[in-house]
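Topology and contacts: notes
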Amino acid sequence: MSQTVFSWLHVQSWTEFWWVMFGLGGQLLFTCRFLVQWIASERQRRSVIPLAFWYFSMGGGMVLFLYACYRADPVFILGQSLGLFIYSRNLWLIHAEKRRV
């Protein structure tokens, strides 16, 4: 059974298997952020980006960044690094605005 799963996931060991599960968890966080944004927009009948979207983005981005580091994929690492900067900046701006108000 485990050999079939290992073959399907292209992994050689349990360590690699758990890293793939970790990466899939990050991808799931990204899926959640789109669902949150879609539901919020449908409820308000206009495009909105709720705070939870940015937290799911940070969570998914951090998990995928760590996964990319484990896989030593420079393209993936660079892409996730830029995303983490953008998500952090958006959260900073949101919280700064709340402090001003």
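Placed above this text is the structure.
The following refers to the structure shown.

Cut-off values and rules
Residues numbered from 1 in each chain as written. Predicted model: local features only at pLDDT ≥ 70, side-chain atom pairs only at ≥ 80, totals over all residues. Heavy atoms only, no water. Helix = DSSP H or I, 4+ residues; strand = E, 2+ residues; numbered from the N terminus. Rg over C-alpha atoms; globule rule 2.2 N^0.38 Å. Buried < 20%, exposed > 50% of the residue type's maximum accessible area, 1.4 Å probe, protein only. Contact = heavy atoms within 4.5 Å. Areas by Shrake-Rupley, 256 points an atom, 1.4 Å probe, with all protein chains shown as cover. Lys, Arg positive; Asp, Glu negative; His and termini not counted. Charge placed at Lys NZ, Arg CZ, Asp CG, Glu CD. Patch = residues over 30% accessible without salt bridge, like charges linked within 9 Å, V, L, I, M, F, W, Y side chains within 5 Å. Salt bridge = Lys/Arg side-chain N within 4 Å of Asp/Glu carboxyl O. Expected span 1.5 Å × (residues − 1).

A count of helices and strands for the protein chain gives 4 helices and 0 strands. Along the protein chain, from the amino end to the carboxyl end, the secondary structure elements read α-α-α-α. For 101 residues, the compact-globule estimate of 2.2 N^0.38 gives 13 Å, and the C-alpha radius of gyration of the protein chain, at 17 Å, exceeds that figure by more than 25%. Along the three orthogonal principal directions, the C-alpha set of the protein chain runs to about 55 × 30 × 20 Å. Within the protein chain, the fraction of its 101 residues that count as buried is 29%. Of all intrachain contacts in the protein chain linking residues separated by at least 6 positions in sequence, the fraction that spans at least 24 positions is 52%. Within the structure as shown, the protein chain displays about 7,200 Å² of accessible surface, and the carbon and sulfur contribution to it stands at 67%. If the 9 positive side-chain charges of the protein chain are averaged to one point and the 4 negative ones to another, these points end up 13 Å apart.

Now for a nonpolar patch on the surface. The grouping of Trp14, Trp18, Met21 and Leu24 at the surface amounts to a nonpolar patch, some 450 Å² of accessible area in total. Positionally, Trp14 belongs in helix α2 (residues 14-44). The class of Trp14 is partly exposed, set by a relative accessible area of 48%.

The next subject is helix α3 (residues 51-71). Here α3 contains 21 residues, and its C-alpha end-to-end distance of 30 Å stays within 8% of the 30 Å for a straight helix at 1.5 Å per residue. Taken together, the buried positions of α3 are Phe53, Trp54, Ser57, Gly60, Gly61, Val63, Leu64, Tyr67 and Ala68. Structurally, α3 contributes buried residues whose contacts are with α2 and α4 (74-100). After α3 finishes, the residue Ala72 shows a positive phi value of roughly 55°.

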